[in-house]
Amino acid sequence: MREDAVTREPLDSGTAHSARVYDYILGGKNHYRADEAAGDAMVEVWPALPVHMRANRAFMHRAGRYLAREKGIRQFLDIGTGLPTSPNLHEVVQETAPDSRVVYVDNDPIVLNYARALLDSTPEGRTAYVHADMRDPEAILDSPDFRRTLDPDEPVALTVIGILHFIHPSDDDHGLIQRLLDPLPPGSYLAATIGTADFAPEEVGRVAERYAAEGMPMVLRTHAEATAFFDGLELVDPGVVQVHKWRPGPDDEPVRDADIAMYGALARKPG
């Protein structure tokens, strides 16, 4: 089932946005010249950036399949969705469990304008899109689309992929995650990827400088800081690792550690 209550918003095509830069570097088509210029500048200072971004998305696919196949999760809340580049999360989990339900959330108007591609659900399942900012969890959790799509009494997988490095401690980064998790029942999961400069500090530092110059300041966290986002949860093996090391499959692209600037992990809410 698909939910079609999606309207268009005006776009600021002259300012780069992280979702559109991501789309451009990965070879997508939903971006503008400002995004291309920003992406080119970032790849120039760190040529491995496309490899890093592909590995981040591959983590999302593996975590989604694991949750659907191994843990029986049928409800997903995806924060910071980005542009609808197939396969999206609902395609991954509905391939295993056609009755899966997915709520996508993003604050970029271009994602909103293309969101109907995110709503192409199986007949047995359901997808919905909420135009909101992670910094306002209540706007997400109180939205009609969230309440119509997900059952609050059943476990939910909260996926926060490639967004936390744009959330600063001054935004109460840990508190935001907790406010999203608190209403979810025991047996729910958090899947997250967290930017780091631990493995290529000079190159990744220059990428962060380029993002900041485009008005997108980043916070790059150590392993200990990344792990703290999962405090109070039960980590799934292998714990908090570089994203390409989290349960890799035979078809995953082989990469060097120095080319990956993202930690990833999956953890269960106890109770």
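Each residue is numbered by its place in its chain's sequence as written, counting from 1. For a predicted model such as this one, the threshold for reporting local features is a pLDDT of at least 70, and the threshold for listing and counting side-chain atom pairs is 80 or more; totals across whole chains, interfaces and linings nevertheless cover every residue. Values shown for side chains rest on all heavy atoms present in the structure; no hydrogens or waters enter the calculation.

Colleague: Sorry, what's going on with the overall build of the chain here?
Modeller: Along the chain, the regular secondary structure elements total 10 helices and 8 strands. Compactness check: the chain gives a C-alpha radius of gyration of 17 Å against a globular reference of 18 Å for 271 residues, within 12% of the reference. Dimensions along the principal axes, computed over C-alpha positions, put the chain at roughly 45 × 40 × 40 Å. Only protein chains enter the calculation, and the probe is 1.4 Å; a residue is then buried if its accessible area is under 20% of its type maximum, exposed if over 50%, and partly exposed in between. Across the 271 residues in the chain, those meeting the buried criterion constitute 55%. This count recognises Lys and Arg as positive and Asp and Glu as negative, with His and chain-terminal groups excluded. For this purpose, a charge sits on NZ of Lys, CZ of Arg, CG of Asp or CD of Glu. Considering the chain, the positive charge centre built from 27 side chains and the negative charge centre built from 44 side chains are found 3 Å apart. A run of DSSP states H or I qualifies as a helix once it reaches four residues; a run of E qualifies as a strand once it reaches two. Both are numbered from the N-terminal end. Radius of gyration: over C-alpha atoms. The globule rule applied is 2.2 Å multiplied by the number of residues raised to the 0.38 power.

Colleague: How should the environment of Phe229 be read in this particular structure?
Modeller: Of note, Phe229 is situated in the loop between α10 (223-227) and β6 (234-235). You can call Phe229 buried: its relative accessible area is 5%. For the pair Phe229 and Gln178, spaced 51 residues apart in sequence, the C-alpha to C-alpha distance is 8.9 Å. Any two residues having at least one pair of non-hydrogen atoms within 4.5 Å are treated as being in contact. Contact partners of Phe229, with chain neighbours within four places excluded, come to Leu164, Asp173, His174, Ile177, Leu190, Ile194 and Arg221.

Colleague: Can you walk me through the pairing of strand β5 (residues 189-195) in this structure?
Modeller: Consecutive residues of a regular strand have side chains that alternate between opposite faces of the sheet. Of all the 7 residues making up β5, 7 are buried; the element is thus mostly covered by neighbouring parts of the structure. Neither face of β5 is open: one carries Tyr189, Ala191, Thr193 and Gly195, the other Leu190, Ala192 and Ile194, and all of them are buried. Handedness of a crossover is defined as follows: with both strands directed away from the viewer, a clockwise route from the first strand across the helix to the second makes it right-handed. Handedness of the crossover is the feature at issue here: the chain leaves strand β4 (residues 157-160), passes through helix α8 (residues 173-181), returns alongside β5, and the resulting connection is right-handed. Relative to strand β8 (residues 262-268), β5 runs antiparallel, the two being bridged by 7 bridges. Directly across from Gly195, in β8, lies its bridge partner Met262. DSSP-based pairing: two strands are paired if at least 2 bridges between them are found.

Colleague: Whenever I open this one, the pattern of salt bridges confuses me. Can you help?
Modeller: Here, a salt bridge means any Lys or Arg side-chain nitrogen found within 4 Å of an Asp or Glu carboxyl oxygen. Throughout the structure, instances matching the rule amount to 15 salt bridges. Where Arg268 meets Glu234, a salt bridge forms, and the shortest distance between an N and an O atom there is 3.3 Å. In this pair, Arg268 sits in strand β8 while Glu234 sits in strand β6, placing the two residues 34 residues apart along the sequence. Overlapping salt bridges bring together Arg20, Asp35 and Asp108 as one network.

Colleague: Would you mind going over helix α9 (residues 201-213) with me for this structure?
Modeller: Note: α-helices contain 3.6 residues per turn, so residues at a spacing of three or four share the same orientation. Helices are assigned an expected span. That span is 1.5 Å times one less than the residue count. Along its 13 residues, α9 runs 18 Å from first to last C-alpha, staying within 8% of the 18 Å computed at 1.5 Å per residue. All buried positions along α9 are accounted for by Val204, Val207, Ala208 and Tyr211. Buried positions in α9, seen along its axis, are confined to an arc of 100° and lie on one side of it. Among the exposed residues of α9, those oriented more than 90 degrees off its buried face are Glu202, Glu209 and Ala213. Packing partners of the buried residues in α9 comprise α1 (18-25), α2 (33-45) and α3 (49-70). What the arc measures is the spread of directions leading from the helix axis to the C-beta atoms.

Colleague: I'm lost on the packing of aromatic side chains in this one. Help?
Modeller: Geometry of an aromatic ring pair is reported as the spacing of the ring centres plus the angle between the planes. Paired rings are identified among Phe, Tyr and Trp, the last through its six-membered ring, by centres lying within 6.5 Å, and are further divided according to the angle between planes into stacked (under 30 degrees), edge-to-face (over 60) and tilted (the rest). The full count for this structure, using the stated rule, is 4 aromatic pairs. Between Tyr66 and Trp246 the ring centres are 5.8 Å apart and the planes differ by 90°, which places this aromatic pair in the edge-to-face class. Placement of the pair is Tyr66 in helix α3 and Trp246 in the loop between β7 (241-242) and β8, with a sequence separation of 180 residues. Look at Trp246 and you get buried, because its relative accessible area is 0%. The rule for a charge over a ring is simple: NZ of Lys or CZ of Arg within 6 Å of the ring centre, and within 35 degrees of the ring normal. Above the face of the Trp246 ring, Arg247 is positioned so that its terminal group lies 5.5 Å from the ring centre.

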